[in-house]
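Structural features, examined
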Amino acid sequence: SKLVEHTTTLLASVPFLLKTFGGGDAAFMASPAGLLNYSFFGWVMWMLSGYAVAAGLNITANEEERGILDVVLSAPLPRWRVLAEKLAAHILVLVGIVLISAMGMVVAVSLSSVLRDQVTPGQLVVSAINMLPSAILVLAFTALAGVVFRRRNTAMMVGTFFVVASFLVETLGRNLDTGGGLRALSYFNYYDSATVMQHGLNVGNVGLLLGAAALLTALTVWRFQRREIGI
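Attention in this report is confined to the structure presented alongside it. None of the values given here were measured: they were computed from a predicted structure.

Here we look at the overall build of the protein chain
- A count of helices and strands for the protein chain gives 14 helices and zero strands.
- Element order for the protein chain, N to C, with α for helix and β for strand: α-α-α-α-α-α-α-α-α-α-α-α-α-α.
- Within the span of the protein chain, comprising 231 residues, buried residues form 41% of the whole.
- Restricting the contact set of the protein chain to residue pairs at least 6 apart, pairs at least 24 apart contribute 72%.
- Here the protein chain displays about 11600 Å² of accessible surface, and carbon together with sulfur accounts for 70% of that area.

Re the packing of aromatic side chains
- This model, assessed by the stated rule, comprises eight aromatic pairs.
- Each ring, one from Tyr38 and one from Trp43, has its centre 6.0 Å from the other, and the planes form 75 degrees; the classification is edge-to-face.
- Ring geometry for Tyr187 versus Phe188: centroids 4.6 Å apart, planes at 25 degrees, classification stacked. Accessibility assignment for this pair places Tyr187 and Phe188 in one class, buried.
- Connected via pairs of aromatic rings, a cluster forms that spans Trp46, Phe141, Phe162, Phe167, Tyr187 and Phe188.
- Over the face of the ring belonging to Phe224 we find Arg79, whose NZ or CZ atom lies 5.2 Å from the ring centre.

Some points on the packing of helix H7 (residues 79–110) against helix H14 (residues 203–225)
- It is at 9 Å that the axes of H7 and H14 come closest, and there the two elements cross at 140 degrees. Seen along the crossing, H7 lies across H14 with a hand that is right-handed. Each of Arg79, Trp80, Leu83 and Leu87 in H7 lies in contact with H14, whose residues at this interface are Thr217, Thr220, Val221, Phe224 and Gln225.
- A class-by-class count of the residues in the contact of H7 with H14 yields five nonpolar, three polar and one charged.

Describing the pattern of salt bridges
- A complete count under the given rule lists three salt bridges for this structure.
- The salt bridge involving Arg81 is made with Glu85; its shortest N-O contact spans 2.8 Å. Separated by four residues within a single helix, Arg81 and Glu85 lie in helix H7, roughly one turn from each other.
- A salt bridge links Arg183 to Glu170; its shortest N-O distance comes to 3.1 Å. On the criterion of sequence distance, the pair formed by Arg183 in helix H11 (residues 180–183) and Glu170 in helix H10 (residues 152–176) is long-range, its members being 13 residues apart. Of the two residues examined, Arg183 and Glu170, each falls in the buried class.

With respect to the side chain of Asn62
- With respect to the element layout, Asn62 can be found in helix H5 (residues 61–65).
- For Asn62, a relative accessible area of 7% corresponds to the buried category.
- A distance of 3.0 Å separates the side chain of Asn62 from the side chain of Arg152, its partner in a polar contact.
- In this view, Asn62 contacts Leu57 and Arg152; residues no more than four positions away in its chain are not counted.

Overview of the environment of Met157
- Here Met157 is to be found in helix H10.
- Between the C-alpha atoms of Met157 and Ala145, which are 12 residues apart in sequence, the distance is 9.3 Å.

Examining the environment of Ile91
- If you trace the backbone, Ile91 turns up in helix H7.
- Sequence spacing of Ile91 and Leu139 is 48 residues, and the spatial spacing of their C-alpha atoms is 8.3 Å.
- If sequence neighbours within four positions are ignored, Ile91 has contacts with Ile136 and Leu139.

Thoughts on helix H4 (residues 32–57)
- Over its 26 residues, H4 runs 38 Å from end to end, which matches the ideal 38 Å to within 8%, given 1.5 Å per residue.
- At Tyr38, H4 shows its maximal kink, close to 35 degrees.

A few points about the packing of helix H8 (residues 121–129) against helix H9 (residues 131–149)
- For the pair H8 and H9, the least separation of the axes is 4 Å and the interaxial angle reads 10 degrees. Considered as vectors, H8 and H9 are oriented roughly parallel to each other. From H8, Ser127, Ala128 and Ile129 reach across to H9, where they touch Met131, Leu132 and Pro133.
- A class-by-class count of the residues in the contact of H8 with H9 yields five nonpolar, one polar and no charged.

The rules behind each value
- Residues numbered from 1 in each chain as written.
- Predicted model: local features only at pLDDT ≥ 70, side-chain atom pairs only at ≥ 80, totals over all residues.
- Heavy atoms only, no water.
- Helix = DSSP H or I, 4+ residues; strand = E, 2+ residues; numbered from the N terminus.
- Buried < 20%, exposed > 50% of the residue type's maximum accessible area, 1.4 Å probe, protein only.
- Contact = heavy atoms within 4.5 Å.
- Areas by Shrake-Rupley, 256 points an atom, 1.4 Å probe, with all protein chains shown as cover.
- Phe/Tyr/Trp six-rings, centres within 6.5 Å; stacked < 30°, edge-to-face > 60°.
- Lys NZ or Arg CZ within 6 Å of the ring centre and 35° of its normal.
- Axes fitted to C-alpha atoms, helices over the stretch in contact; angles between N-to-C directions.
- Left-handed = near helix turned anticlockwise from the far one by under 90°.
- Nonpolar A, V, L, I, M, F, W, Y, C, P; charged D, E, K, R; others polar.
- Salt bridge = Lys/Arg side-chain N within 4 Å of Asp/Glu carboxyl O.
- Polar contact = N/O pair within 3.5 Å; in protein donor to acceptor, adjacent residues only side chain to side chain.
- Expected span 1.5 Å × (residues − 1).
- Bend = angle between axes of the 7 residues up to and from the residue.
- Parallel < 35°, antiparallel > 145°, perpendicular 65-115°, else oblique.

Pasting the structure below:
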């Protein structure tokens, strides 16, 4: 307990660290749940976002650059269905990744004598589910970039920029104490893993991220229906 008290005091004296890493208050950050949140849930979104960018390129950009998308679309299927099935398949993969992550964390924590009394399976499952809306948003954004820019490398740069810019905006917003103004532009603001670990899912944030993803998907379908396919 003395170690936790010293750690809490140290973190409280360096507010920049708390704001940059989004760890909540100093007491939470110094607790086993806070350290788990920082070491895993605070960083796993980067990896999941990277996968979502790569998956988004598979919707149209990769096949169009290889010159095979026109062959795929020669099948007697409407374009919207091709996009919908590809998006659904990659979302199912994301769901699988999240479920495996949740099960792995539950097992790992149950084997730790320090963590199993401090972190509940419910906290881990909810925190894992919280990763899904942000990942779906990145997937939808990259899919739209692929349809708009067509070229794989361009779409990949745009998707990567979206992820990096979102993190920088969130970090800058926290440290400048700009409230919701600047940070509202970042999906990391709505991911907010520390708050979810402490208080559970924020239904409003989940709905906002999924609603934005649905809007991006609709724009992707609309754009894809109205342009020629590169050969």
